[in-house]
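# An overview of the molecular structure
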Amino acid sequence: MAYQIKKAAVLGSGVMGSGIAAHLANIGIPVLLLDIVPGKLTEDEEAKGLTLESTQVRNKIATGAIQKLLKQKPAPLASKGNLALIEAGNFEDDLEKLKDVDWVIEVIVENLNVKKGLYEKIDAVRKPGTIISSNTSGISIEAMAEGRSEDFQKHFLGTHFFNPPRYLKLLEVIPASSTAPEVVDFITTFGEDRLGKGVVIAKDTPNFIANRIGTYGLLVTLREMEKRGYSIGEVDSVTGALIGRPKSATFRTLDVVGLDTFMHVAKNAYDKTEGEEQKVFELPPFMKKMIENGWIGAKAKQGFFLKKDKEILELDPSTLEYGPVKKLKTPSIEMAKQAKGLANKVKTLVYANDRTGELLWNILAPTLRYSAELHGEIADDIVAIDNGMKWGFGWQQGPFEIWDAIGVAKSVEKMKEEGATIPTFVQNLLDKGYETFYKEEDNDLYFFDGEGYQLVPVNEKAINLKNYKKKHGVIKKNSGASLIDLGDGVALLEFHSQSNSIGPDIIQMINFAVDEVEKNYKGLVIGNQGKNFCVGANLGMILMEAQDDNIFELDFIIRSFQNAMMKIKYSSKPVVAAPHQMTLGGGAEVCLPAAHIQASMETYMGLVEVGVGLIPGGAGNVNLYTKHLKGLPNGVHVDYQYIANKVFESVATAKVSTSGEEARENNFLDFADGISVNADHLIYDAKQAAIALYDNGYIAPKHEKIPVTGDSGYATMLLGAEGMFLSGFISEHDLKIAKKLAFVLSGGKVPYGTKVDEQYMLDLEREAFLSLVAEPKSQQRMQHMLVKGKPLRN
């Protein structure tokens, strides 16, 4: 049968259940969120005359969870408006409603009998073909399916989300032996395409893939710290970004997860393993004592770290007292920082003959061996294991990729010298004369399956630009950007300057790209796969020119930037911008003139130039103002002042969206622009949008005059700013910037409603930018941002 998810239900409204419900709402799916009925009334409820039969009381657990979604950080909802898609209910009154849903996700307490009791009730009301899944982090899927109807068992599986569900990429899909293969295929595709997840198929074993290896690795690290007398801070200083792990490293990660949560995951593995493996999963005594004391991490404001009088302190496990944070300082750390690429950094560190090298070798070697021992038991291939660790635990390299990086033969030799048993899977690789778990051939990636090599499966929507360029080359490149032929008549302009910041090199490539596409292609995508789409213009270059009083050069650069944005806007072929993550200042300015924006769900977009003492200089003010006007219907009375005020507020407060959906609410995207939930599919989606525009007979916008608010609008915009200045909320220099911005947006000294040329407004913008860039206080702000990475209030 063809499966579709039009409506879902989440059973259990704790942090995880409500987070999953929020993520379903983020992709437009209505959700029923159910929980238990409370056993007694609060004093407040009694005072209001409510009873245990009142709907308000019976649904209050789920209702409370829904309201909490608005306050949680990071925000589970991509837009507050998505809350309307979540309906609260309870297990006693609302299970009947499950007959109307297509997918039921169970997220209740981790207790097999309680889960089975709920499944019995679900089985009695669900319609045939409804998919039922459990978000368990380790209870056997097989055991949960026992005793259910045949149709329930066919449609039952594990879907293990990672917390927080909106942000963490991993979704482990765990079929039972009775699960229909087409259900597994559907949930895998739905997980990738609609939920935006990286899906791995895991086997029904304790803690599945990521938690099994991740928990093992964390506990090995704890033991190594105790055994060799490292401090908590010393361990964290070398087990984070230095080796391609999240910057929260080991102990900050445990504080964030919560020691109580970690204890449950470790206990689940302990109860279901035996022998030497089981010993690893036992928590050390000092950690048990911490849990007894309630020192369970961030939610208790005390764990491995404690903040006291603005100072962060670390716990001494031997005394359970807090002291200053220590860091490892060894020659290998300095050498690793000089090494090029993560693989070489890790290799330098693990073989170093110092305290850092010993620590990293002694925690990595057992974890690598453990991962190899589990090959075939927890997953069918190394790709699933590596992806599980990258997507669930934020590792940049999975265990087998790390093994390749440090050299399989060299590491095995060292392990054998230390008396370690080498897993059969690894010995098999070496016995066959192979050197690595992965190999590249004709720019395709292959993985070792125990016998030989198989092609790593790739979703056609996941275009990897690095591999694509190796295979297909580039049309043209310079230091800032490359133009790539994406196939099917679409070209892609990829930024690759430092932080993807915009300078003359990128401006030159924008001009070349539009010219080339107008002659030879159907459309252009502007996108990349850097950490951020673009954090703005090259501030260092602007400051240097400003300090040298080189205003003529700056005038030329800003004029060129504006002209390039107009070239994008009026291109005869569609230009599609594909922003993701930070899209700030000049990054947002590149998107605003595009024919279509295809944004990643996680797009943080805003014009933030006031933070460095400037206003947008790349047509951002003009294009954001006209974008607001564009959505208005013809023939209706338009309050230009209201629109100018909104744009003024957005730019003057450096407002940044917390999602692609919020960027739409802030009018950076319009109703026709698209949002890609799966960031890996963003380039593919943008390419399809460019083709669709071309195929539908794309016509470039006409040059039209822009209605402005003039003198009266300028005065109105300044009222609020002057009030804030007099109240002490903003500085004199902030007021000066606000005046320049208001002058540009109002269209200068003209009557309200005057229609002015776009070029006239661009000239006002450029003049305002150049006058501010020459101000000493603006230069101080730029300097401060470059040195400290945060804005200066002066």
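Here, every reference points to the structure presented above.
Now for a description of the structure that goes with this document. Computed from a predicted model, the values in this text were never measured in an experiment. Numbers given to residues run from 1 along each chain, matching the order in which its sequence is written. Two thresholds apply to this predicted model, a pLDDT of at least 70 for residue-level local features and 80 or more for giving and counting side-chain atom pairs, whereas whole-chain, interface and lining totals are computed over all residues. Remark: hydrogens and water are excluded; side-chain values derive from all non-hydrogen atoms of the structure.

### Description of the overall build of the protein chain
Strands are runs of DSSP state E lasting at least 2 residues, helices are runs of H or I lasting at least 4, and numbering of each runs from the N terminus. Tallying secondary structure elements over the protein chain gives 34 helices and 25 strands in all. The C-alpha radius of gyration computed for the protein chain amounts to 29 Å, which stays within 12% of the reference 28 Å derived for 794 residues, consistent with globular compactness. C-alpha extents for the protein chain along the principal axes are approximately 80 × 70 × 60 Å. Accessibility here uses a 1.4 Å probe with only protein chains present; expressed as a share of the type maximum, an area under 20% marks a residue as buried, one over 50% as exposed, and anything in between as partly exposed. The buried share of the protein chain, taken over its 794 residues, is 55%. Considering only intrachain contacts with a sequence separation of at least 6, the fraction spanning at least 24 residues in the protein chain is 69%. Counting only carbon and sulfur atoms, one obtains 52% of the accessible surface of the protein chain, whose full area is about 34400 Å². Asp and Glu are treated as the negative residues and Lys and Arg as the positive ones, with His and the ends of the chain left uncounted. Where a charge sits is defined by one atom per residue type, namely NZ (Lys), CZ (Arg), CG (Asp) or CD (Glu). Of the side-chain charges in the protein chain, 89 are positive and 102 negative, and the distance between the mean point of each set is 4 Å. What the globule rule says is 2.2 Å times the number of residues to the power 0.38, and the radius of gyration is computed from C-alpha atoms. Contact definition: two residues touch when any of their heavy atoms are within 4.5 Å. Only the protein chains shown count as covering a residue, and every accessible area follows the Shrake-Rupley method with a 1.4 Å probe.

### Quick look at a positive patch on the surface
On the surface, R252, K327, K329 and K337 cluster together into a patch of positive charge. Looking at K329, the relative accessible area reads 77%, which means it is exposed. To count toward a patch, a residue needs a relative accessible area above 30% and no salt bridge. Like charges then connect within 9 Å, nonpolar side chains (Val, Leu, Ile, Met, Phe, Trp, Tyr) within 5 Å. The term salt bridge refers to a side-chain nitrogen of Lys or Arg lying within 4 Å of a carboxyl oxygen of Asp or Glu.

### Brief notes about the sheet that holds strand β13 (residues 444-448)
At least two DSSP bridges between two strands are required for those strands to pair. With respect to topology, 3 strands assemble into an open sheet ordered β12-β13-β14, the strand pairing being antiparallel. Sheet topology places β12 (438-441) and β14 (453-455) at the edges, where each strand pairs with a single neighbour. Here the strands of the sheet are splayed against their neighbours by 35° on average, with no regard to which way each runs. Where β12 lies against β13, 4 bridges are found, and the strand directions are antiparallel. Counterpart to E441 in the pairing with β13 is D444. Under this scheme, a helix contributes an axis fitted over its contacting stretch, all axes are lines through C-alpha atoms, and angles between N-to-C directions fall in the 0 to 180 degree range.

### As for helix α9 (residues 210-228)
Expected helix span is given by 1.5 Å per residue-to-residue step, counting one fewer step than there are residues. In this model, α9 (19 residues) spans 27 Å end to end at C-alpha, consistent with the 27 Å of a helix rising 1.5 Å per residue. Most of α9 sits out of view: 15 of its 19 residues are buried. Once α9 finishes, G229 follows within two positions and takes phi at roughly 70°, a positive value.

### Things to note about the sheet that holds strand β11 (residues 321-324)
Spatially, 3 strands are ordered β9-β10-β11 in an open sheet, and the strand pairing comes out antiparallel. Both edges of this open sheet fall to β9 (305-308) and β11, since each of them pairs with a single strand only. Here the average twist between neighbouring strands, direction ignored, is 45°. Strand direction decides the pairing type here: strand β10 (residues 311-316) and β11, joined by 4 bridges, are antiparallel. Across the sheet, the residue bridging to D316 is E321, located in β11.

### Brief notes about the packing of helix α27 (residues 620-630) against helix α33 (residues 758-773)
Two measures define how a pair of helices packs: the angle their axes make with one another and the distance between the axes. Taken N-terminus to C-terminus, the directions of α27 and α33 make an angle of 135°; their axes are 8 Å apart at the nearest point. Put simply, α27 runs oblique to α33. Here G620, N621, V622, N623 and Y625 of α27 lie close against α33, whose contacting residues are E758, M761, L762 and E765. Residues of the contact of α27 with α33, tallied by class, amount to 4 nonpolar, 3 polar and 2 charged. Each angle is binned into one of four classes, with values under 35 degrees roughly parallel, values over 145 roughly antiparallel, values of 65 to 115 roughly perpendicular, and all other values oblique. Residues are grouped as follows: Ala, Val, Leu, Ile, Met, Phe, Trp, Tyr, Cys and Pro are nonpolar; Asp, Glu, Lys and Arg are charged; all remaining types, including Gly, are polar.

### Things to note about the packing of aromatic side chains
Only Phe, Tyr and Trp rings take part, Trp by its six-membered ring, and two of them pair if their centres are within 6.5 Å. Stacked means planes under 30 degrees apart, edge-to-face means over 60, and tilted covers everything else. Inspection of every chain in the model, using the stated rule, returns 24 aromatic pairs. An aromatic cluster is built from F400, W403, F425, Y434, F437, F448 and Y453, whose rings are joined through pairwise contacts. Look at NZ for Lys and CZ for Arg. If either is within 6 Å of the ring centre and within 35 degrees of the ring normal, a charge sits over the ring. For the cation-ring pair, R252 lies above F305, with the distance from its terminal atom to the ring centre recorded as 4.1 Å. Directly above the ring of W361 sits K414, whose terminal nitrogen or CZ lies 4.4 Å from the centroid.

### Let's talk about the pattern of salt bridges
What the rule picks out here adds up to 47 salt bridges. We note a salt bridge from K267 to D271, for which the minimum N-O separation is 2.7 Å. Of the two residues, K267 and D271 both sit in helix α12 (residues 259-271), 4 residues apart, roughly one turn of that helix. What makes K267 partly exposed here is its relative accessible area of 47%.

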